[in-house]
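The residues making up each chain are set out below.
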Amino acid sequence: ASLNLAVNDIPLKPYYPYLEPFLTTAIDGTLSLASGINYTADANVQLQQAQLRLTNLLLPFTQEDHFSLVDLSLNGGSFDLQQHQFSFEGIKLTNGQLTATRLVDGSLSPLKLLKEQKNAAAPAPANIEKEPPVWQISVDKFALEQFDLRLTDASLTKNPQLKIDNLMLEVTDLAYPE
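The following refers to the structure shown. (Residues numbered from 1 in each chain as written. Predicted model: local features only at pLDDT ≥ 70, side-chain atom pairs only at ≥ 80, totals over all residues. Heavy atoms only, no water.)

Structural notes on the overall build of the chain
Here is step 1 of the chain: From N to C terminus, the chain includes one helix and seven strands.
Here is step 2 of the chain: Secondary structure elements of the chain, listed N to C terminal, follow the sequence β-α-β-β-β-β-β-β.
Here is step 3 of the chain: Viewed in the frame of its principal axes, the chain has a C-alpha envelope of about 60 × 45 × 40 Å.
Here is step 4 of the chain: A buried classification covers 28% of the 178 residues belonging to the chain.
Here is step 5 of the chain: Summarising the internal contacts of the chain: among those between residues at least 6 apart in sequence, 59% fall at separations of at least 24.
Here is step 6 of the chain: When the accessible surface of the chain is totalled, it reaches about 12200 Å², and 57% of it is carbon and sulfur.
Here is step 7 of the chain: Considering the chain, the positive charge centre built from 12 side chains and the negative charge centre built from 21 side chains are found 9 Å apart. (Helix = DSSP H or I, 4+ residues; strand = E, 2+ residues; numbered from the N terminus. Buried < 20%, exposed > 50% of the residue type's maximum accessible area, 1.4 Å probe, protein only. Contact = heavy atoms within 4.5 Å. Areas by Shrake-Rupley, 256 points an atom, 1.4 Å probe, with all protein chains shown as cover. Lys, Arg positive; Asp, Glu negative; His and termini not counted. Charge placed at Lys NZ, Arg CZ, Asp CG, Glu CD.)

A word on the packing of aromatic side chains
Here is step 1 of the chain: Here the structure, examined in full by the defined rule, presents five aromatic pairs.
Here is step 2 of the chain: Judged by centre distance (6.1 Å) and plane angle (45°), the rings of Phe67 and Phe147 are tilted. One end of the pair, Phe67, is in strand 4 (residues 66-80); the other, Phe147, is in strand 6 (residues 136-153), with 80 residues separating them in the sequence.
Here is step 3 of the chain: With relative accessibility at 6%, the residue Phe147 sits in the buried group.
Here is step 4 of the chain: Centroid distance Phe79 to Phe86: 6.3 Å. Interplanar angle 75°. Geometry classified as edge-to-face. (Phe/Tyr/Trp six-rings, centres within 6.5 Å; stacked < 30°, edge-to-face > 60°.)

Concerning the pattern of salt bridges
Here is step 1 of the chain: All told, the structure shown has five salt bridges when counted by the stated rule.
Here is step 2 of the chain: Note that Asp71 is salt-bridged to Arg53, the shortest N-O span being 2.5 Å. Of the two residues, Asp71 sits in strand 4 while Arg53 sits in strand 3 (residues 45-60), which places them 18 residues apart along the sequence.
Here is step 3 of the chain: Overall, Asp71 belongs to the buried group, its relative accessible area being 13%. (Salt bridge = Lys/Arg side-chain N within 4 Å of Asp/Glu carboxyl O.)

Digging into the sheet that holds strand 3
Here is step 1 of the chain: Taking strand neighbours across the sheet as the criterion, the seven strands line up as 1-2-3-4-5-6-7 in an open arrangement whose pairing is mixed. In this open sheet, the two edge strands, each paired with only one partner strand, are strand 1 (2-11) and strand 7 (161-176). With strand direction ignored, the average angle separating the axes of adjacent strands in the sheet is 5°.
Here is step 2 of the chain: As paired strands, strand 5 (residues 85-102) and strand 6 are joined by 16 bridges and run parallel to one another. Bridge assignment links Leu98 to a residue of strand 6, and that residue is Leu149. (Pairing = 2+ DSSP bridges. Axes fitted to C-alpha atoms, helices over the stretch in contact; angles between N-to-C directions.)

Here's the deal with the environment of Gln117
Here is step 1 of the chain: Of note, Gln117 is situated in the loop between strand 5 and strand 6.
Here is step 2 of the chain: Classification of Gln117 by relative accessible area gives partly exposed; the value is 42%.
Here is step 3 of the chain: Taking the C-alpha atoms as reference points, Gln117 and Ile91, separated by 26 residues in sequence, lie 31 Å from one another.
Here is step 4 of the chain: Gln117 has contacts with Pro21 and Phe22, leaving out every residue within four places of it along the chain.
Here is step 5 of the chain: One polar contact links the side chain of Gln117 to the main-chain carbonyl oxygen of Pro21, over a distance of 3.0 Å.
Here is step 6 of the chain: A distance of 3.2 Å separates a polar side-chain atom of Gln117 from the backbone oxygen of Lys115. (Polar contact = N/O pair within 3.5 Å; in protein donor to acceptor, adjacent residues only side chain to side chain.)

Describing the environment of Leu19
Here is step 1 of the chain: Structurally, the position occupied by Leu19 is in helix 1 (residues 16-19).
Here is step 2 of the chain: It is 26 Å that separates the C-alpha atoms of Leu19 and Asp105, two residues lying 86 residues apart in sequence.

Some details on a nonpolar patch on the surface
Here is step 1 of the chain: A surface patch of nonpolar side chains, amounting to about 460 Å² of accessible area, comprises Tyr15, Tyr18, Leu19 and Phe22.
Here is step 2 of the chain: With respect to the helices, strands and loops of the structure, Tyr18 is situated in helix 1.
Here is step 3 of the chain: With relative accessibility at 65%, the residue Tyr18 sits in the exposed group. (Patch = residues over 30% accessible without salt bridge, like charges linked within 9 Å, V, L, I, M, F, W, Y side chains within 5 Å.)

A short note on unusual backbone geometry
Here is step 1 of the chain: Pro177 follows Tyr176 through a cis peptide bond whose omega is 15°.
Here is step 2 of the chain: Relative to the helices and strands, Pro177 is located in the segment after strand 7.
Here is step 3 of the chain: Phi at His84 is positive, roughly 55°, even though this residue is not glycine.
Here is step 4 of the chain: On the basis of relative accessibility, which here comes to 17%, the residue His84 falls in the buried class.

Here's what the structure looks like:
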């Protein structure tokens, strides 16, 4: 069975009630995605030419710290469940800012977005006959454009800061586990 899926301009904020058990505050932004999806007779799931775009993303960590991004695009994605393969032709983050702090107690401000979860009893180990195959992940091109970093260490007396404006970075041929 094959299906072509396209969803455009979904606002993220209204879905916060579904994420509230895990997140301290809503995520803002807009999501669009498209992909060809195949479900094969041998129960395999495959995605081809997957596209994902997040615009005007805002992840608040604390009152001062956040991650914001005008545009995140993932292009040329593919996924094969049975082959344990996942790849993208390109991932691009444009006009972003990360402002984060190592707090006095040593914790990191981005983790403040997550609610503390109750400890659950560890599940009984599954009877695994053989190790599952390792996932193969590849990205042909990863790019950051016009990205600002603001990192502060409030756990140290002088509160050192690292500030980088207008960071441009491009990395090609990323692969795991290679």
